[in-house]
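Coordinates in review
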Amino acid sequence: MTTETSAPTSHDSSSHASRPTRVRIAPSPTGDPHVGTAYIGLLNYLFAAQRGGKFVLRIEDTDRTRFVSTSEQMIFDALKWIGLRWDEGPDVGGPYGPYRQSERTEIYREYIQRLLDNGTAYKSFETAEELEAMRQSQLAAKQPPRYNGAHRELTAAQIAAFEAEGRPAVIRLKVPASGNTTFRDELRGEITFDHNNVDDQVLLKSDGFPTYHLANVIDDHLMQITDVIRAEEWISSTPKHVLLYKAFGWELPKFWHMPLLRNIDKSKISKRKNPVSLNYYRDSGYLPQAMLNFLGLMGGGMAQPTEQEIVSKGLNTKEGDIFSLPEMLEKYDFSRISLGGPVFDLVKLKWLNGEYIRKQSPDEFFATMRSTIFSDEYLRAVAPLVQTRLETLGQFGDMTSFLFSDNVMPPESVWLPKKRETADTLKFAEEQLTALEAAAWDTVSIDASLKKLGEEKQWSVKENFMLLRAIISGSTQSPPLLESLIVFGKARTLDRIRRFIAFQKLPKRN
RNA sequence: GUCCCCGUCGUCCAGCGGUUAGGACACCGCCCUUUCACGGCGGUAACACGGGUUCGAAUCCCGUCGGGGACGCCA
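Residues numbered from 1 in each chain as written. Chains lettered and ligands numbered in written order. Predicted model: local features only at pLDDT ≥ 70, side-chain atom pairs only at ≥ 80, totals over all residues. Heavy atoms only, no water.

1. Considering the packing of aromatic side chains
Our working rule: We call Phe, Tyr and Trp rings a pair once their centres come within 6.5 Å, taking the six-membered ring for Trp, and we label the pair stacked below 30 degrees between planes, edge-to-face above 60, and tilted otherwise. Under the DSSP-based scheme used, a helix requires at least four consecutive residues in state H or I and a strand at least two consecutive residues in state E, with every element numbered from the N terminus. Partly exposed describes any residue whose relative accessible area lies between the buried limit of under 20% and the exposed limit of over 50%, with all areas from a 1.4 Å probe on protein chains only and scaled to the type maximum.
Counted by the stated rule, this structure contains 21 aromatic pairs. Residues tyrosine 111 and tryptophan 250 carry aromatic rings whose centres are separated by 5.5 Å and whose planes lie at 70° to one another, so their mutual orientation is edge-to-face. Here tyrosine 111 is found in helix α4 (residues 105-118), whereas its partner tryptophan 250 is found in the loop between α8 (238-248) and β9 (254-258), with 139 residues between them in sequence. Like tyrosine 111, the residue tryptophan 250 is buried in the burial classification. Note on tyrosine 332 and phenylalanine 334: the rings are 5.3 Å apart at their centroids and 65° apart in plane angle, and the pair reads as edge-to-face.

2. Some thoughts on unusual backbone geometry
Of note, the amide linkage connecting glycine 97 to proline 98 takes the cis form, showing an omega dihedral of -5°. Relative to the elements of secondary structure, proline 98 occurs in the loop between α3 (71-81) and α4. A positive phi is found at lysine 266, a non-glycine position, where the angle reads about 80°. Positive phi outside glycine occurs at glutamine 458, with the angle close to 60°. Considering the arrangement of structural elements, one finds glutamine 458 in the loop between α19 (443-457) and α20 (461-473). Classification of glutamine 458 as exposed rests on a relative accessible area of 63%.

3. What to know about the side chain of asparagine 216
For clarity, the cut-off: In protein, a polar contact means a hydrogen-donor-capable atom and an acceptor-capable atom, both N or O and within 3.5 Å, with residues adjacent in sequence counting only if both atoms are side-chain atoms; elsewhere, any N or O pair within 3.5 Å suffices. In this description, contact between two residues means that some pair of their heavy atoms is separated by no more than 4.5 Å.
For asparagine 216, the position within the fold is in helix α7 (residues 212-222). A distance of 2.8 Å separates polar atoms of two side chains, one belonging to asparagine 216 and the other to arginine 24. Excluding residues that lie within four positions of it along the chain, asparagine 216 makes contacts with Arg24, Arg58, Gln101, Arg230 and His241.

4. Some points on α4
Selection rule: Here the expected span of a helix is defined as 1.5 Å times the quantity of residues minus one. In this context, the arc is that of the directions from the helix axis out to the C-beta atoms.
Its 14 residues place the ends of α4 20 Å apart at the C-alpha level, agreeing with the 20 Å of an ideal helix rising 1.5 Å per residue. Restricting attention to buried positions, one finds in α4 the residues Thr105, Tyr108, Tyr111, Ile112 and Leu115. Axial view of α4: buried residues confined to an arc of 130°, hence all on one face. Those residues of α4 that are exposed and aimed more than 90 degrees away from the buried face are Glu106 and Asp117. Here the buried face of α4 lies against β3 (121-124), β4 (170-173), β7 (202-204), α7 and α8.

5. Quick word on the environment of threonine 181
One can find threonine 181 in strand β5 (residues 180-185). A relative accessible area of 0% means that threonine 181 is categorised as buried. In the structure, threonine 181 is positioned 11 residues away from threonine 192 in sequence and 5.7 Å away in space, judged by C-alpha atoms. Side-chain polar atoms of threonine 181 contact the side chain of histidine 195, separated by 2.7 Å.

6. Things to note about the protein's contact with RNA strand B
Here is the rule: Near residues are defined by distance, with any heavy atom within 4 Å of the molecule or strand qualifying the residue. Three classes are used, and their members are as follows: Ala, Val, Leu, Ile, Met, Phe, Trp, Tyr, Cys and Pro are nonpolar, Asp, Glu, Lys and Arg are charged, and the others, Gly among them, are polar.
The immediate surroundings of RNA strand B are formed by 59 residues, with Lys205, Ser236, Lys268, Gly299 and Thr317 found nearest. For RNA strand B, the fraction of protein-proximal atoms (within 4 Å) that sit in sugar or phosphate groups is 82%. Within the side chain of serine 236, an N or O atom sits 2.7 Å from a sugar or linking oxygen of RNA strand B. Here lysine 268 contributes a side-chain N or O atom positioned 2.7 Å from a phosphate oxygen of RNA strand B. Elements supplying a minimum of two residues to the surface near RNA strand B: α5 (128-140), β4, β6 (189-194) and α13 (346-359). When grouped by side-chain class, the residues that make up the surface near RNA strand B number 20 nonpolar, 17 polar and 22 charged.

7. Focus: the pattern of salt bridges
Once their charged atoms are close, side chains differing in charge can pair, the charge on each being opposite to the other. Filter applied, for reference: Take a side-chain nitrogen of Lys or Arg and a carboxyl oxygen of Asp or Glu: if they are within 4 Å of each other, that pair is a salt bridge.
The final tally for this structure, using the stated rule, is 39 salt bridges. Linking arginine 19 and glutamate 251 is a salt bridge whose minimum nitrogen-to-oxygen distance equals 3.7 Å. Here arginine 19 is found in the loop between α1 (10-18) and β1 (22-25), whereas its partner glutamate 251 is found in the loop between α8 and β9, with 232 residues between them in sequence. Through salt bridges with shared partners, a single ionic network connects Arg24, Arg58, Glu60, Arg104, Asp219 and Asp220.

Everything listed here is a matter of coordinates, which is why it stays silent on function.
Given below as structure tokens:
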């Protein structure tokens, strides 16, 4: 029970193989739809479709503090934008719903009681503050931060006493004190973790919501998930999940941990160093087929065309890198995936996108333009910003070019306020960025968060707004700032500010 | 700090015991061209290091080093 030293028995694997393939992605609605979600989504989609299985979309909204109400719909839209469809999910329903974890809290409560009853989980009454203090002191002492297990063996009387005090509790997983857990990663083989390196993970928070670990195991079981295809960052918590499956007496799914997408410096892809919002790519004019193609390139699951194919189809050598979703369905091979974390290289993405643009017929290209940057919807939003400011229609381009350009980089004479230093101004720009990241994307919210920041930092509204105007429009003159930001979109706005700051911090030549 | 994963051109991939280590992006040069881009041709550029195993290692094993991830009442 506590130790697993051999592979699953043949009985287990044969019964496993007989189950119809079911996979899922489980994004969390905490902000913009993430490029990593699309990557893992694509892989899951391919995996299911190649095996005649089902692809499930489940929303993991158990963190009330990070919940963003607009996020779920953006996730649906973004995944549809790149061309993925799912068989079951909150929007399309299905036999294993509900597909939103916030609607499944009764289920989690019922199942965690089983764990409490069979002694594989326990109540723990420390406050978040106490735990944080403990973590800090462990970190300071260069010790691995871990729960000290103080409440692992509370008596019924002690628990009753805490509860009588009205102290809130969390429920933790009781990881066996000794032994180890081994599980199979389908890409890497067996991985073993010693139990003294596995923490007593919180399973149920004091607000009654489950953590990912609990909800994910229960839902994957209840939803009959056969293969868990997720990012590599989950490897180190997989032993906890395995322990949970065992505590419930459930059959394990297969685990496939995909290499993490990386920034140029090889760290895990992050918004500070790379645009990660799918909205950014959509709004900046990347074609969904190009994005999907590019994600398919990451990890190397696509076989290169054989010499025969190159000859018979008259392919150019570069066309080994260009393929559609149907071609991925046909050729993508999970056993080919290479484990080194692929750098998400914008330069190659842009090249690919250019290939797709050039491949379109003139009519198709026109249609693409008309449905994106020159759509009726977009122009309808832009028009009111400039109508009163125009004397001739020809001035439209002069006034709105920043909305249609990628390379906007004002000179210092434009963005630096008269009474400010360069360093202070850049610092303030970073604070604007942080404020805007947290803001809901409407004029009232943006206005409020900018003004709040200005007051805190002693920046006048004029200086504050003018700096942002310069960064976004490249000029001291522009259509009304807040309305322009709305039209321009949150993802592109944030990216433009980040790029401005990054550019200004570059060592100056001459 | 502890544990886990990974390691072929700058980047993405090929290679799965015997190759002049291949392709793509990027970069450089030449051609095409009124410009730019596209396109064509060519070029620079990698097996992290050290031990094994083997007649023979980029390929298998071990170690070192390097990179990454995890260590939350986040997912």
